Amino acid sequence: MYADRIKSLPPYLFAAIDKAKNSARKRGVDVIDLGVGDPDLPTPTHIVEALCTAARDPANHRYPSYEGKLAFRQAVADWYRGTFKVGLDPETEVLALIGSKEGIAHAPLAFINHNDLALVPDPAYPVYSTSVLFAGGVPEVVPLIRENDFLPDLGKIDPETARKSKLIFLNFPNNPTGAVAGKEFFKELIDFARDYRIIVMHDNPYSEIYFREPAGSILEVEGAKDVAVEFHSLSKTYNMAGWRVGSVVGNPEVIAGIGQVKSNIDSGNFGAVQDAGMAALKSPDHIVKDMRQEYARRMEILYQALTDLGLEISRPRATFYLWAWTGKDSIEFCKHLLDDLGIVATPGVGFGRYGQGFVRFSVTQPTERIEMAVKRLSEWKS
Ligand SMILES: *Cc1c(COP(=O)(O)O)cnc(C)c1O
């Protein structure tokens, strides 16, 4: 019944985890879920209020524009200027997305022909490689390994493969490893992409979840706009994962290509969600600052506990994930964690084969729950 493109997908590990989690809950276990990357904090009130008002506006009840309201795109451009000092033309360099996942999933359709290569990191958000597969392309793995601080070693990419590649997906601050890429790396990447005529698709939903210096945007690098676009999302920055709103910004030709695909598939975001998105993008600074502090506190608590347990983790610099080296089979490790302690974590292999041996812990649970997890972990050791 199913098309080859569905049959060729790797098994969806996360569904199996959900099943194990639910069956533990049925047995009466008080499960602490450190598996999902879904912010537990509520969307700030002023954003919810903006939605309520905008939902009553009949102008928002008709079909929205494909590319997003100009006012929304202007708000994204203003946010980029305010946050990264990056200038964007809202007319040609900004496109609204129904969550960045939607844009990532559709983007390769605009650039990949049958059997074209695309560079995708491993471990990574699984959407990069499935979107390439759906477009008929061939994902070429770029490993993210500990020895290289989870940055791709561009010098190790076979020049022949690079020449044949149409695009590269990357994501820093990184899910699942928590790694951050500095300006130097982004510069190197832009040069690499220019040399091999590769489109850079940088996925940056965690740019605001950093604990020391700001993680920044790839578009801060001079000339980046010649080869790169960046996906951004309100899901993590403003706790709006359920709202489905994000954007892609940067190279106008690439933006136009993605826009052309989208206009044949969806009909844009609900106008009221865009209006609320504008309210989010104009939030006072303390909104994001408070969120950052909350995650930093939780990260520190869990980091200490996991380190005490003997797991190897680098001190978190960004994101709400801890990427812990267990030295064991990552699925087995997570199974024991759930069976013995009622704690859910995500096995690293779910993000690709280079994730084997690692486990991802997410701090998207209230601090009391994380403290409870820490207590269980400390008893596990003894
Ligand atoms: C959460 C996340 C996204 C954001 O997805 P939305 O569709 O905007 O909610 C994108 N990429 C990565 C790596 C993520 O972890």
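Structure report, in brief. (Residues numbered from 1 in each chain as written. Predicted model: local features only at pLDDT ≥ 70, side-chain atom pairs only at ≥ 80, totals over all residues. Heavy atoms only, no water.)

What follows concerns the pattern of salt bridges. Within this structure, the stated rule accounts for 27 salt bridges. Between Asp4 and Lys7 there is a salt bridge, with the nearest N and O atoms lying 3.9 Å from each other. Here the residue Asp4 and the residue Lys7 both occupy positions in helix H1 (residues 4–7), the gap between them amounting to three residues, near one helical turn. Taken as a pair, Asp4 and Lys7 share a single burial class, namely exposed. The partner of Lys166 in a salt bridge is Asp116, with the nearest N and O atoms 3.9 Å apart. (Salt bridge = Lys/Arg side-chain N within 4 Å of Asp/Glu carboxyl O. Helix = DSSP H or I, 4+ residues; strand = E, 2+ residues; numbered from the N terminus. Buried < 20%, exposed > 50% of the residue type's maximum accessible area, 1.4 Å probe, protein only.)

In the vicinity of the ligand lie 14 residues, with Asp203, Tyr206, Ser235, Lys236 and Arg244 positioned nearest. Lys101 places a main-chain nitrogen or oxygen 2.9 Å from an oxygen atom of the ligand. Relative to its unbound accessible surface of 390 Å², the ligand loses 94% to contact with the protein. Counting residues per element, the ones that place at least two in the shell around the ligand are helix H5 (100–106) and helix H9 (234–237). Looking at the shell around the ligand residue by residue, the class counts come to four nonpolar, six polar and four charged. (Near = heavy atom within 4 Å. Polar contact = N/O pair within 3.5 Å; in protein donor to acceptor, adjacent residues only side chain to side chain. Areas by Shrake-Rupley, 256 points an atom, 1.4 Å probe, with all protein chains shown as cover. Nonpolar A, V, L, I, M, F, W, Y, C, P; charged D, E, K, R; others polar.)

This brings us to the packing of aromatic side chains. All chains considered together, the criterion is met by 17 aromatic pairs. Here Trp323 and Phe358 contribute two aromatic rings whose centre-to-centre distance is 4.9 Å and whose plane-to-plane angle is 5°, an arrangement assigned as stacked. Residue Trp323 is located in strand S9 (residues 321–325), and its partner Phe358 is located in strand S12 (residues 358–362); the two are separated by 35 residues in the primary sequence. A relative accessible area of 6% places Phe358 in the buried class. The rings of Phe150, Trp323, Trp325, Phe351 and Phe358 are connected pair by pair, giving a single aromatic cluster. (Phe/Tyr/Trp six-rings, centres within 6.5 Å; stacked < 30°, edge-to-face > 60°.)

Among the five residues of S12, five are classified as buried, and the element is accordingly described as predominantly covered. Along S12, one buried face is formed by Phe358, Arg360 and Ser362 and the opposite face, lined by Val359 and Phe361, is buried too. The pairing of S9 with S12 spans five bridges and is classified as antiparallel. Bridge pairing links Leu322 to Phe361 in S12. Two elements, strand S11 (residues 346–347) and S12, share two bridges in a ladder whose sense is antiparallel. Looking across to S12, one finds that Thr346 is bridged to Arg360. (Pairing = 2+ DSSP bridges.)

Our next topic: the environment of Phe333. Mapped onto the secondary structure, Phe333 falls in helix H13 (residues 330–341). Residue classification places Phe333 among the buried residues on the basis of a relative accessible area of 6%. Between the C-alpha atoms of Phe333 and Asp266, which are 67 residues apart in sequence, the distance is 41 Å. If sequence neighbours within four positions are ignored, Phe333 has contacts with Leu311, Thr326, Lys328, Val359, Phe361 and Trp380. (Contact = heavy atoms within 4.5 Å.)

This part takes up helix H11 (residues 271–281). What sets the pattern is the α-helix's 3.6 residues per turn: residues three or four places apart point alike. Counting buried residues in H11 gives 10 out of 11 residues, a clear majority hidden from the surface. Of the residues making up H11, those classed as buried are Gly271, Ala272, Val273, Gln274, Ala276, Gly277, Met278, Ala279, Ala280 and Leu281. Check the buried side of H11 and you find it contacts helix H3 (45–55), helix H4 (70–84) and H9.

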